[in-house]
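Below are the chains, spelled out letter by letter.
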Amino acid sequence: MSEALLEVQNLKKYYSASKGMFKKFGDSVKAVDGVSFTIEKGEVFGLVGESGSGKSTIGKTILRLHEKTDGDVKFKGKDVFSLSKKELRQLRVQTQLVFQDPFSSLNPRLRVGDAIGEAMVEHGLVSKKEVRERVLEVMEKCGLSPFHIDRYPHEFSGGQRQRIVIARAMALNPEFIVMDEPVAALDVSIQAQIINLFSDLQRENGLSYLFISHDLSVVEHLCTKIAIMYLGNIVELAPKEELFDHPLHPYTKALLSAIPIPDPTAKRERIILTGDIPSPINPPSGCKFRTRCPMATDLCAEKAPDYRDAGGGHFVACHYV
Amino acid sequence: MDTPNPIVNKQVKTVVKSPSIWKQTFRRLKKNKLAMISLFFLLFMFLLSFIGPYFSPYILDRTNVANMNQPPSAAHWLGTDNYGRDVLTRLMMAGQISLTIGIAAMVLSVMIGSLLGAISGFYRGVVDMVIMRIADILMSIPGLPLLLILAAILSEWKVPAEYRLYIIMIMLSFVGWPGLARLVRGQILSLKEQPFMQATEVLGLSDRRKILHHLIPNTVPLLLVVATLNVAGSILSESALSFLGLGVVPPTPSWGNMMDAANNFMDFRKRPWLWIPPGTAIFLTVVSINLLGDGLRDALDPKMRR
Amino acid sequence: MNEMLLQVNHLQTNFYTESGVVKAVNDVSFAIREGETVCIVGESGCGKSITALSLMQLIPENGKVEGGEINFAGKNLLDLSKKDIRRLRGNEIGMIFQEPMTSLNPVFTIGEQMIEPIQEHLLLSKKAAYKKAMELITMLGIPNAEKIVNLYPHELSGGMLQRIMIAIALSCNPKLIIADEPTTALDVTIQAQILDLLRDIKKEFNTSMLLITHDLGVVAEMADYVVVMYAGKVVEEGPVLELFKNPQHPYTKGLLKAKPVIGERKDRLYTIAGQVPNLVDLSEACYFADRCEHAMDICRVKQPVLTEMAKGQKTACWLYEDGENQ
């Protein structure tokens, strides 16, 4: 067994929906509503869900960019939310985040070299003299040319900007990177380049990723273990092969069947879910998926299903599997 | 919609020194005719005020009773005033004073305003409350009456004329900083929500670095525009005060107190060379600064950049 | 074969920007028959959206349609007056945009925004228009039509709004629907609903459809005929089955290989090296030459023209012009 790098236990994150003096009690957005999972060293963990499922909130909360509402997050055995200031700085070196939008995640007034190098100097990883050399090294690793170092972000295309963002994260030599929809804003031909870069970096450096995405095909390509989220809960979690070959939860099945396949001759059973994703302010009682589930019964409205092991590390939350 | 964005799609292959954002801004500014005319006029005004006096054969405060109230002539291009002093020389010296006060007041208020605004926006909480309430109070009192009261107190204290200059600067920046502080604070608040600021958090950068290297540089374009417009405001306020005899007082010349001639019925009717030149100088300078400020704002427009 | 509905010939749309002239749509020709769905597929900046907007003459201010013709039901749209174009929009051609949230006015109710165009284009009374709006909403599978019409756009989800947009586009029984990335902003399960709906509509009304998308999956599901664009030009076109089974142009091949597909577990993804070229100051070379692994000498000096291949497929690539044109 490899060791657990990140352990998330029953994590909850609520946002208060009404602002100001007249806060109504209980009127909150349950962005993450009791989520547990473990990421092992060297693992690429996929977190999949549609908008409002809380997947991005999880990514930011485990890095302590947001405060939690409840639950535990342990990184290398240490509780992330009770770190001292010094330990938190340590965590900032060990963990990194890659954002979805490569346009807004780079400071427009900072040259590429400074953007990549400043944190290295700040944390005392290299001296000011060596920094340029180190930056060039990292840039090369991430597929950027040396002459890019003195340019400003606005001179780059989306794909290259994402390489800069990745280089900025890699500069600190982190062990764990949260990827928040890192290829969603990119075109197919560029997306493939970036995904390959992710695999290379992961393999060469023994990194662990939390890869957040709405695109199951990308997740299938890159991840080893995958969790499917719906309205703040994980509904199914399994190793990749298991999840794609034997999906158990009706939502996972519908999601898989909804993805358009680039082959006009492909014949398949399509499960089209009816209705919309309910609001996380006022989610349905019992199982949150029941309003759209083709198999829903009275039991689903009464009681939320347990999140249990269906065998072989395949976890699912449904009354009927 | 995928409008092709030429800058984004630029193929970065050839090695060219990257055009900095300032160069690009200047390139855009160059296309704005009004702004360029204004810029050149202001340059001319500066040269006239700061270098012009060296070429003048007349000494500033030398009175010449034999040569009073002369209309413009070859010797005195803009005539002489009622002490026989050369109006052109006085106009140039007054320009020095007015422009210096305008710029110095702007620099002071930008320094105070952006520092307090940045602190307010970055740290929020009680600090923010205190700073912003003080700014609110200052902003709720109309500027000119406030200046009048301050100036009246000064007159009571009998401050010597040469120090009044500095006190006017401080007074003007005292009125000017709240607006700037608010602006900077608003800018910082919105910048803080940008993903690149979240990235500084993830990278574990210090507050100092976040403010000085990430937040302030991003407020500079806006500050530049507002500061430019602020100079115009300061020049106007100074002129108004001096005109009323509460700002820069004679014998130190300023465009405002030269306009005082218009207060005298005889001068107003019979000797327009006394008040038209300073009036025109104020008017054109202020208009030019405003046009340049507008031009800068358009040139820096983030919608055109990215 | 059905009759031609829309024929675009040598369309040229240029944008005038600070850094120079951008040939956003560069000599683009294609046709849509009655009842046919044509997909224009390409990556951002390839000119697919501008092509659609050029048809409706809705391009942004610094752009201009500078050449070619757009024949729609016997008229050249580029010759029509502004007033006639406006009549045509919404009447004979319906449009659906990517962002349903921003395509609707936030201060009017759904009902008001639906009834107005119906009244204007079909010259119906307010009551009749209301009835028609209700019918449309019900037909598009939206429950509680009476309630929906009184809501404001922000009270509805993206998927719901996109249905409303489709209802508005359909309200005057258009002959052609232009849908610009209609599902890109939506979640996968909602996208499946909307695509299903668009298919049903096509069957029921026999409308033609011009679908603009970057998603090859959507193309495979929806299209009868596919046009692949790159850097403002059509690089390949053909019937959907042929194009997917037997892509000719290296760019099309690359796109199909670069996209990860469910169930296909590869170790590495195929990549097309490099970036999309800057559309300012393009040379005479094939625009794809820099990224193409089959690039030959001729590719760097001369642009290939769209040439008919077997089975109605057309490709603009020097690889397939052995000897003839050299």
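Numbering of residues starts from 1 in each chain and follows the order in which that chain's sequence is written. The lettering of chains begins at A and the numbering of ligands begins at 1, in the order of writing. Whole-chain, interface and lining totals are the exception, using all residues; otherwise, since this is a predicted model, local features are given only for residues with pLDDT of at least 70 and side-chain atom pairs are given and counted only at 80 or more. Values shown for side chains rest on all heavy atoms present in the structure; no hydrogens or waters enter the calculation.

Colleague: Could you give an account of the packing of helix α4 (residues 110-122) of chain C against helix α5 (residues 126-139) of chain C, naming the residues involved and the relevant values?
Modeller: Packed helices, taken two at a time, are described by the angle between their axes plus the distance between the axes. Residues and elements named next belong to chain C. With axes taken as lines fitted to C-alpha atoms, and helix axes fitted only over the stretch in contact, angles between N-to-C directions fall between 0 and 180 degrees. Helix numbering and strand numbering both begin at the N terminus, where a helix is a DSSP run of H or I of at least 4 residues and a strand a DSSP run of E of at least 2. Running from N to C, α4 and α5 cross one another at 120 degrees; their axes reach a closest spacing of 9 Å. One way to sum up the angle between α4 and α5 is to call them oblique. As for how α4 packs across α5, the hand of that crossing is right-handed. Contacts between α4 and α5 involve M114, I115, I118, Q119 and L122 from the former and K126, A129, Y130, K132, A133, L136 and I137 from the latter. Residue classes in the contact of α4 with α5 are distributed as nine nonpolar, one polar and two charged. What sets the label is the angle itself: under 35 degrees gives roughly parallel, over 145 gives roughly antiparallel, 65 to 115 gives roughly perpendicular, and the rest give oblique. Each crossing gets its handedness from the near helix: less than a right angle anticlockwise from the far helix is left-handed, clockwise is right-handed. The contact criterion used throughout is that any non-hydrogen atoms of two residues lie within 4.5 Å. Under the convention adopted here, Pro, Cys and the residues Ala, Val, Leu, Ile, Met, Phe, Trp and Tyr are nonpolar, Asp, Glu, Lys and Arg are charged, and Gly plus all remaining residues are polar.

Colleague: Give me empty space enclosed by the protein: which residues, what numbers.
Modeller: Grid points spaced at 1 Å and placed over the protein atoms alone form the basis of the search, with a cavity being a set where a 1.4 Å probe fits but cannot get out and a pocket an open set showing protein on both sides within 12 Å along at least five of seven lines. Lining residues have an atom within 4 Å of a point. Grid points are joined across faces, edges and corners, and a volume is the space filled by probe spheres set on the points. Going through the model one piece at a time under the given rule, you end up with seven cavities of 30 Å³ or more. For the largest cavity, the calculated volume is near 90 Å³. Along its surface, the largest cavity is lined by C:Y230, C:K233, C:V234, C:V235, C:H249, C:C286, C:Y287, C:F288, C:Q303, C:P304 and C:A316. Broken down by element, the residue count for the lining of the largest cavity peaks at three residues, all from strand β10 (residues 233-239) of chain C. Residue classes in the lining of the largest cavity are distributed as eight nonpolar, two polar and one charged. Taken as a whole, the second largest cavity spans an internal volume of roughly 70 Å³. Lining the second largest cavity are 13 residues, with A:P250, A:C287, A:C293, A:C300 and A:C318 sitting closest to its centre. Here the lining of the second largest cavity is built from residues that sort into 10 nonpolar, two polar and one charged.

Colleague: Provide a residue-level description of the side chain of C:Q248, including the pertinent values.
Modeller: Residue and element names in this part refer to chain C. Counting through the fold element by element, Q248 comes out in the loop between α10 (240-245) and α11 (250-258). Polar contacts involving the side chain of Q248 include one to the main-chain carbonyl oxygen of N246, which spans 3.3 Å. Filtering out sequence-adjacent residues up to four positions away, Q248 remains in contact with E236, K253, M309, Q313, T315 and Y320. Counting of polar contacts relies on pairs of N or O atoms within 3.5 Å, with two restrictions inside protein: one atom must be capable of donating a hydrogen and the other of accepting it, and residues adjacent in sequence are counted only when both atoms are side-chain atoms.

Colleague: Talk me through helix α9 (residues 250-258) of chain A; I want residue IDs and the actual numbers.
Modeller: With eight of nine residues buried, α9(A) lies mostly within the body of the structure. Accessible area is worked out with a 1.4 Å probe on protein chains only. A residue is then buried under 20% of its type maximum, exposed over 50%, and partly exposed in between. Taken together, the buried positions of α9(A) are occupied by A:P250, A:Y251, A:T252, A:A254, A:L255, A:L256, A:S257 and A:A258. For α9(A), the secondary structure elements touched by its buried residues are β3 (44-48), α7 (216-222), β9 (225-230), β10 (233-239) and α8 (240-245) of chain A together with α8 (188-205) of chain C.

Colleague: Any details on the layout of surface pockets? Residues and values, ideally.
Modeller: Residues and elements named next belong to chain C. Space inside the second largest pocket adds up to approximately 950 Å³. Where the lining of the second largest pocket is concerned, the elements lending two or more residues are α1 (48-56), α2 (82-88), β6 (93-96), α3 (100-103), α4 and α7 (158-170). With six residues, the single largest contributor to the lining of the second largest pocket is α4. Residues belonging to the lining of the second largest pocket are distributed by class as follows: 14 nonpolar, nine polar and nine charged.

Colleague: Summarise the interface of chain C and chain A; cite the residues concerned and give the values.
Modeller: Size of an interface, as often reported, equals the accessible area lost when the parts are brought together. In this complex, chain C contributes 44 residues to the contact, which on the side of chain A involves 45 residues. The salt bridge definition used is simple: a Lys or Arg side-chain nitrogen within 4 Å of an Asp or Glu carboxyl oxygen. On the surface where chain C and chain A come into contact, there are four salt bridges. Counting every contact that joins chain C to chain A gives 21 residue pairs in polar contact (both at pLDDT 80 or more). Of all the secondary-structure elements, those providing two or more residues to the side of chain C that touches chain A are α8, α9 (216-222), α10 and α11 of chain C. Broken down by element, the residue count for the side of chain C that touches chain A peaks at eight residues, all from α8(C). Split by residue class, the side of chain C that touches chain A holds 20 nonpolar, 11 polar and 13 charged.

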